[in-house]
Amino acid sequence: MTGPRRFRAGRFLDAAAVHAAADANPRLRQFLRTVAAHSEAGEVRSRRLLEHLIRRIVDDVGDLHLGNALNRLERIAVLRDNIAAILDHVLEGGTLPDGVRVATLGEYFDQLSTEMRELSRPRDGIVGDAPLRLADDSAAYAESLLREFDGGGAAGRHVEPTAIVGDAFRAMPADRQAALRRAAELEPAALWHAVAAESEAGKRAAVADLETRLGGRLTPDEVARLRTAVDDLGRARSRGVQMSDARLAEALARIADPDLRAVVAGGDVWLTQQLAVHNPEALATLWRRFRDQGGRADDRAGFRAYLRHDMVTHGRGVLGEYTAAFSISSIELFLKGPDADVTARGTDLVGIGHDGWVWLIDDKSHRVRSVNGVTALTDNLVTNLRRDAADFRDAIARLQRDDSGFTPDPRILDAIFRIEDAAAEIEQINLRGAESTRSARIRRALRQRKLRLRVTSAAGQVRELTEALRELGLAVSPTRTPVPPPPIGGR
């Protein structure tokens, strides 16, 4: 019985390694011979069936172990956050939070110790001393494996892009075709494993296995041509697996702009065409931005580079903001939460902590390690403080117009007043006084109003701030990728 989460660990197995292990194991060799003797397809079907069985079983066993480990890690994260929140509250001068007893903290530590111990003994944590069962009914499980292998399962039948591979073969020089034909006559299965390998490491291992099996029956020149031919066929197959002609034609039919349609038709299968299939609206938006910024209508490579840059920087920024929002346990209430518009100017997040301090956060997840400028929290601090305060007051006014009985939380009104007051004083600091003491005076003004400046970084890429930023009181709050917290009780 597998859990609801599917990790598909079996897909990472290299086919050549699976078949090499089968050839080295007497019982698996006997399995191959038995299946081959009772199948019209002979050894080809027996090897494909064995590979399917191994991948599926690795999938199911992996789901059990990884699902159990992930659930434990989630519970550990919740326990650590609970403990950290209590300790932060006490260390900052408060008493234990309402409803929390000293014994509660001890219980959290005991639960954390138990979860950590079980995490180091995964099998015991799943079944204890009992056998590891993948299904209640072994016969039904076996039938599902065969049904899936024969194409009757929900996953459907995998279709090899034979036409595309055939076209790539016919486009090769005659000497490479000859090397491929010779290898196919001598070691057909090993040759196909090399062509079908789906990773660079897997391909290197499969090609090395093929050359070993050929055992000097090809000349060095033929082997060199064979390597090149295998690479060519492998690339063609990979493109065909990722994007069929019918799938691409359907995507192109949805594109109204003829220039964009031409770029996608001749574009990169891994990025441009995939985006056309899965999110044509985003593709059209990015194409307009690319053209507005001077991109040529026929610049396929330039548009691909633009897409990749936007996906990396924008995607990481969105992840960073949401990660920060869900990972800083000290914040109880957000006045300004995360959103998808990471290019907007100003602060990224504004929240109120359990101790009443207001957090002003700028996420720098797109940075690698060092930050020397946070304009939202330094150069433009007064402007952004006033803009945020005005936005918060506008939001309260809208709520009161929609609901005459709405009463804003006093903590929010107090936080808005402190933000406005700090903006007014920092504006005066910027106009008067010595430059050498400005950072210290701004820092004091913020602390007096219980405002805290923070830089966040998803996964902790940013670790260094310049001295000028530290003088303002900025600090880095590394965050971790959030996961939905399950109930603490139970497995």
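Residues numbered from 1 in each chain as written. Predicted model: local features only at pLDDT ≥ 70, side-chain atom pairs only at ≥ 80, totals over all residues. Heavy atoms only, no water.

Caption draft 1: Looking closely at the overall build of the chain. Counting secondary structure elements, the chain contains 20 helices and seven strands. Expressed as a percentage of the 491 residues in the chain, the buried residues total 37%. Across the chain, contacts joining residues at least 24 apart in sequence account for 63% of those joining residues at least 6 apart. Counting every atom, the chain has about 27500 Å² of accessible surface; 54% of that belongs to carbon and sulfur. (Helix = DSSP H or I, 4+ residues; strand = E, 2+ residues; numbered from the N terminus. Buried < 20%, exposed > 50% of the residue type's maximum accessible area, 1.4 Å probe, protein only. Contact = heavy atoms within 4.5 Å. Areas by Shrake-Rupley, 256 points an atom, 1.4 Å probe, with all protein chains shown as cover.)

Caption draft 2: Focus on helix α7 (residues 162-170). Listed as buried for α7 are Val165, Gly166 and Ala168. Along the axis of α7, the buried residues cluster in a sector spanning 160°; they form a single face. Set apart from the buried face of α7 by more than 90 degrees, the exposed residues are Ala163 and Arg170. (Arc of directions from axis to C-beta.)

Caption draft 3: Examining the packing of helix α1 (residues 15-24) against helix α2 (residues 26-37) more closely. Look at α1 against α2: their axes get within 5 Å of each other, and the N-to-C directions meet at 100°. Comparing the axis directions of α1 and α2 gives the class roughly perpendicular. Here α1 contributes Ala21, Ala22, Asp23 and Ala24 to the contact with α2, which in turn contributes Pro26, Leu28, Arg29 and Leu32. For the contact of α1 with α2, the class distribution of residues is six nonpolar, no polar and two charged. (Axes fitted to C-alpha atoms, helices over the stretch in contact; angles between N-to-C directions. Parallel < 35°, antiparallel > 145°, perpendicular 65-115°, else oblique. Nonpolar A, V, L, I, M, F, W, Y, C, P; charged D, E, K, R; others polar.)

Caption draft 4: Seen up close, the side chain of Arg56. Summarising the element assignment, Arg56 is placed in helix α3 (residues 43-91). If we ignore the near neighbours within four places in the chain, the residues touching Arg56 are Tyr141, Ser144, Leu145 and Glu148.

Caption draft 5: Structural view of the nonpolar core. Counting 24 residues, the largest nonpolar core has Leu335, Val350, Val358, Leu385, Ile419 and Ile426 as the members making the most contacts within it. Put simply, the parts of the chain that give this core at least two residues each are β2 (349-353), β3 (358-363), α17 (381-402), α18 (410-431), α19 (438-448) and β5 (451-458). It is α18 that contributes the most residues to this core, eight residues altogether. Each residue touching Ile419, except ones within four places of it in the same chain, is listed here: Val350, Val358, Leu385, Ala389, Phe392 and Leu451. (Core = buried A, V, L, I, M, F, W, Y, C linked by side-chain atoms within 4.5 Å.)

Caption draft 6: Just the pattern of salt bridges, in detail. Under the criterion given, the structure shown has 23 salt bridges. When the shortest N-O distance is used, the salt bridge between Asp298 and Arg296 registers 3.1 Å. The shortest N-O distance in the salt bridge between Arg386 and Glu427 comes to 2.8 Å. Placement of the pair is Arg386 in helix α17 and Glu427 in helix α18, with a sequence separation of 41 residues. According to the relative accessible area criterion, Glu427 is partly exposed, its value standing at 30%. Members of the salt-bridge network, linked through shared partners, are Asp23, Arg47, Asp209 and Arg213. (Salt bridge = Lys/Arg side-chain N within 4 Å of Asp/Glu carboxyl O.)

Caption draft 7: View of the environment of Ile83. One can find Ile83 in helix α3. Residue classification places Ile83 among the buried residues on the basis of a relative accessible area of 7%. For the pair formed by Ile83 and Phe109, sequence separation is 26 residues and the distance between their alpha carbons is 7.8 Å. With residues up to four places along the chain from it excluded, the contact list for Ile83 reads Leu105, Tyr108, Phe109 and Leu112.

Caption draft 8: Main features of unusual backbone geometry. One non-glycine residue, Lys450, adopts positive backbone phi at about 55°. You can see Lys450 is positioned in the loop between α19 and β5.

Caption draft 9: Structural context of the packing of α7 against helix α11 (residues 220-242). Two numbers describe how α7 lies on α11: the axes approach to 8 Å, and their chain directions differ by 150°. Classed by the angle they form, the pair α7 and α11 counts as roughly antiparallel. The two elements α7 and α11 meet at a crossing, and its hand is right-handed. Contact residues: Ile164, Val165, Ala168 and Phe169 in α7; Leu233, Ala236, Arg237 and Gly240 in α11. Of the residues that constitute the contact of α7 with α11, the class distribution is six nonpolar, one polar and one charged. (Left-handed = near helix turned anticlockwise from the far one by under 90°.)

Caption draft 10: Representation of the side chain of Arg55 in the model. Among the structural elements, Arg55 can be located in helix α3. Residue classification places Arg55 among the buried residues on the basis of a relative accessible area of 18%. When neighbours within four sequence positions are excluded, Arg55 is seen to be in contact with Gly10, Arg11, Leu13, Asp14 and Ala15.

Caption draft 11: Broad picture of the pairing of β2. The buried count for β2 comes to five of five residues, which makes it a mostly enclosed element. Where burial is concerned, the two faces of β2 agree: the one with Leu349, Gly351 and Gly353 and the one with Val350 and Ile352 are both buried.

Caption draft 12: A look at the packing of aromatic side chains. Taken as a whole and judged by the stated rule, the model has four aromatic pairs. Centre to centre, the rings of Phe290 and Phe303 are 5.3 Å apart; their planes meet at 55°, and the pair counts as tilted. Of this pair, Phe290 sits in helix α15 (residues 280-292) while Phe303 sits in helix α16 (residues 300-327), and the two are 13 residues apart along the sequence. The same class applies to Phe290 and to Phe303, which are both buried. Grouped by ring-pair contacts, the aromatic residues Trp287, Phe290, Phe303 and Tyr306 constitute a single cluster. The aromatic ring of Trp357 is capped on one face by Arg452, whose charged end is 4.5 Å from the ring centroid. (Phe/Tyr/Trp six-rings, centres within 6.5 Å; stacked < 30°, edge-to-face > 60°. Lys NZ or Arg CZ within 6 Å of the ring centre and 35° of its normal.)

Caption draft 13: View of α17. End to end, α17 covers 32 Å across 22 residues, agreeing with the expected 32 Å (1.5 Å per residue, within 8%). Residues Leu381, Val382, Asn384, Leu385, Asp388, Ala389, Phe392 and Ile396 constitute the buried set of α17. (Expected span 1.5 Å × (residues − 1).)

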